[in-house]
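Below, each chain spelled out in residue letters.
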Amino acid sequence: MLSSERCFTGMGAEMELRHLRYFVAVAEAGSLTVAAARKLHTSQPSLSRQIRDLEGEVGAQLLTRRARGIELTPAGRAFLEHARVVLSQVEAAAEAARRVAHPAKPCFAMGFLTGHELIWMPEALRILRDGHPSVDVMISSQYSPLLAKALLNGKIDAAFLRREKGMPELAYRVLVKEPLAVILPSDHRLAALKAISPRDLVGETFVTVSSTAPVLRVVIDNFLKRSGINIKPAYEADHLSMGMSLIASTRGVGLLPAYAQNFLPSSVTSRPLKGETPTVELLFGYKKSNKSPILKLLLSRLDELVARVSKTTH
């Protein structure tokens with residue numbers, strides 16, 4: 001077997017990278033005809049001439065023509081091994097040069113509990129672009145459990161969500177505690193009240209959230225239980241717009257976080273609860289092992305983010 005030094009010693013100035021690419025293509029196809037037509041898109045006579053030129057430069061026969069294709073000579077097998085190395089090194093060098101000439105933009109993926117992007121996204125983007133003007137930010141909107149799974153799987157870097165159970169790999173920072181409010185039709189009899197007590201809800205068609213919002217559902221159920229009232233939900237809503245539609249169409253009532261008031265149609269309104277108002281936390285979540293410098297920036301400015309959002313919502 002020839003060494004790499006012997007294989008490349010004596011090569012003339014005529015040899016080009018294309019000769020190596022042609023030879024590798026022929027060796028892998030096992031046929032001059034197949035390589036010419038399917039891989040190199042050139043004519044078979046032209047390819048044969050290029051291979052002969054290469055053999056002349058190397059000073060050894062690299063392949064033997066057979067009726068059903070080609071067969072590499074011992075010299076050809078040795079040359080193939082080193083030719084592949086040379087081509088891979090050339091590609092690595094080219095990729096390194098491209099990265100220096102055109103550095104990739106940093107990317108950061110953020111997820112929002114559906115409905116909260118309206119409130120939190122504008123200010124979060126301002127902070128990110130203050131610190132990283134060239135960052136590409138990817139945004140998604142989803143239920144909280146799905147956001148938590150996306151954090152675990154590394155599909156997103158940070159999320160505005162609830163505190164989901166059974167995920168010790170995640171870390172959370174509390175952003176705000178959102179009070180619950182009563183959502184009801186604008187012309188409902190209870191809408192005449194300035195505030196509604198839990199007892200006022202007894203006997204009403206009650207619309208609650210489904211398993212798509214497990215943390216919020218527990219908060220609502222615990223509040224009703226603490227209030228000493230027994231209400232069996234008539235409907236469960238998977239998302240905010242579905243809840244609004246059910247409340248309007250059934251003339252029912254429901255309990256939702258205060259942010260829902262930003263999306264109320266004219267047929268639906270909200271009223272605060274009397275007494276001690278239950279709250280649900282909105283948190284900034286991320287995977288503990290995520291070392292992104294962009295995540296680090298956002299974490300360092302969360303207090304500023306909360307202050308900015310508070311200023312725009314009051």
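Okay, so let's go over this structure.

## Some points on the packing of helix H6 (residues 117-131) against helix H10 (residues 293-300)
A pair of packed helices can be characterised by two numbers: the angle between their axes and the separation between those axes.
Item 1. Relative to each other, H6 and H10 sit at 120°, their axes nearing to 10 Å. In terms of orientation, H6 lies oblique with respect to H10. Crossing of H6 against H10: the hand is right-handed. Side by side, H6 and H10 meet where Ala124, Ile127, Leu128 and Gly131 of the first sit next to Ile294, Leu297 and Leu298 of the second.
Item 2. Among the residues making up the contact of H6 with H10, the classes are represented as six nonpolar, one polar and no charged.

## Side note on the environment of Leu283
Item 1. One can find Leu283 in strand E11 (residues 279-287).
Item 2. Given the relative accessible area of 0%, Leu283 is considered buried.

## Details of helix H9 (residues 240-250)
Item 1. Three or more residues of H9 are buried, namely Leu240, Gly243, Met244, Leu246 and Ile247. Here the buried residues of H9 occupy an arc of 165° about the axis, which is enough to place them on one side.
Item 2. Among the structural elements, strand E6 (170-185), strand E7 (206-209), strand E8 (235-237), strand E9 (253-257) and strand E10 (268-272) are those in contact with the buried residues of H9.
Item 3. Count one or two residues on from H9 and you reach Arg251, which has phi positive near 55°.

## Some points on the packing of helix H2 (residues 17-29) against helix H4 (residues 44-58)
Item 1. It is the contact of H2 with H4, at a shortest axis distance of 10 Å, that shows an interaxial angle of 115°. Accordingly, the angle class assigned to the pair H2 and H4 is roughly perpendicular. As H2 packs across H4, the resulting crossing turns out to be left-handed. Residues Arg18, His19, Tyr22, Phe23 and Val26 of H2 pack against Leu47, Gln50, Ile51, Asp53 and Leu54 of H4.

## Some details on the nonpolar core
Item 1. By size, the foremost hydrophobic cluster in this structure holds 69 residues, and its most contacted members are Phe108, Met110, Trp120, Phe160, Leu255 and Phe284.
Item 2. For this core, the element with the most residues is E6, which contributes eight residues.
Item 3. Apart from residues no more than four positions distant in its own chain, Phe108 is found in contact with Leu128, Val135, Asp136, Val137, Met138, Asp157, Ala158, Ser292, Ile294, Leu295 and Leu298.

## Focus: the side chain of Ser292
Item 1. With respect to the element layout, Ser292 can be found in the loop between E11 and H10.
Item 2. From its side chain, Ser292 meets the backbone nitrogen of Ile294 in a polar contact 3.2 Å long.

## What about the pattern of salt bridges?
Item 1. The full count for this structure, using the stated rule, is 16 salt bridges.
Item 2. Among the ionic pairs, Glu71 bridges to Arg66, the shortest N-O distance being 3.6 Å.
Item 3. A salt bridge links Glu178 to Arg162, with the nearest nitrogen and oxygen atoms 2.7 Å apart. Here Glu178, found in strand E6, pairs with Arg162, found in the loop between strand E5 (158-161) and E6; they are 16 residues apart in sequence, far enough to count as distant.
Item 4. Using a relative accessible area of 7% as the deciding quantity, one classes Glu178 as buried.
Item 5. According to the relative accessible area criterion, Arg162 is buried, its value standing at 4%.
Item 6. Residues joined by salt bridges that share partners form a network here, namely Glu123, Arg126, Asp130, Arg301, Glu304 and Arg308.

## Let's talk about H2
Item 1. Over its 13 residues, H2 extends 18 Å from the first C-alpha to the last, a length consistent with the 18 Å expected when each residue adds 1.5 Å.
Item 2. All buried positions along H2 are accounted for by His19, Leu20, Phe23, Val24, Ala25, Val26 and Ala27.
Item 3. The secondary structure elements touched by the buried residues of H2 are helix H3 (32-39), H4, strand E1 (63-66), strand E2 (69-72) and helix H5 (74-101).
Item 4. Where H2 ends, the next residue or the one after it, Gly30, has phi of about 75°, a positive value.

## Some words on the pairing of E5
Item 1. Neither face of E5 is open: one carries Ala158 and Phe160, the other Ala159 and Leu161, and all of them are buried.
Item 2. Here strand E3 (residues 107-113) runs beside E5; their pairing, made up of three bridges, is parallel. Bridge pairing in E5 links Gly111 to Ala159.
Item 3. Summarising the sheet, E5 and E11 pair through three bridges and their orientation is antiparallel. For Ala159, the partnering residue across the bridge sits in E11 and is Gly285.

## A look at the environment of Phe284
Item 1. Within the secondary structure layout, Phe284 lies in strand E11.
Item 2. Its relative accessible area of 0% is what places Phe284 among the buried residues.
Item 3. In this structure, the C-alpha to C-alpha distance between Phe284 and Tyr172, residues 112 residues apart in sequence, is 5.6 Å.
Item 4. In contact with Phe284, not counting residues within four places along its chain, are Ala158, Ala159, Phe160, Ala171, Tyr172, Arg173, Leu175, Leu295, Leu298, Leu299 and Leu302.

Conventions adopted
Residues numbered from 1 in each chain as written. Predicted model: local features only at pLDDT ≥ 70, side-chain atom pairs only at ≥ 80, totals over all residues. Heavy atoms only, no water. Axes fitted to C-alpha atoms, helices over the stretch in contact; angles between N-to-C directions. Helix = DSSP H or I, 4+ residues; strand = E, 2+ residues; numbered from the N terminus. Parallel < 35°, antiparallel > 145°, perpendicular 65-115°, else oblique. Left-handed = near helix turned anticlockwise from the far one by under 90°. Contact = heavy atoms within 4.5 Å. Nonpolar A, V, L, I, M, F, W, Y, C, P; charged D, E, K, R; others polar. Buried < 20%, exposed > 50% of the residue type's maximum accessible area, 1.4 Å probe, protein only. Arc of directions from axis to C-beta. Core = buried A, V, L, I, M, F, W, Y, C linked by side-chain atoms within 4.5 Å. Polar contact = N/O pair within 3.5 Å; in protein donor to acceptor, adjacent residues only side chain to side chain. Salt bridge = Lys/Arg side-chain N within 4 Å of Asp/Glu carboxyl O. Expected span 1.5 Å × (residues − 1). Pairing = 2+ DSSP bridges.

Geometry only, nothing functional implied.
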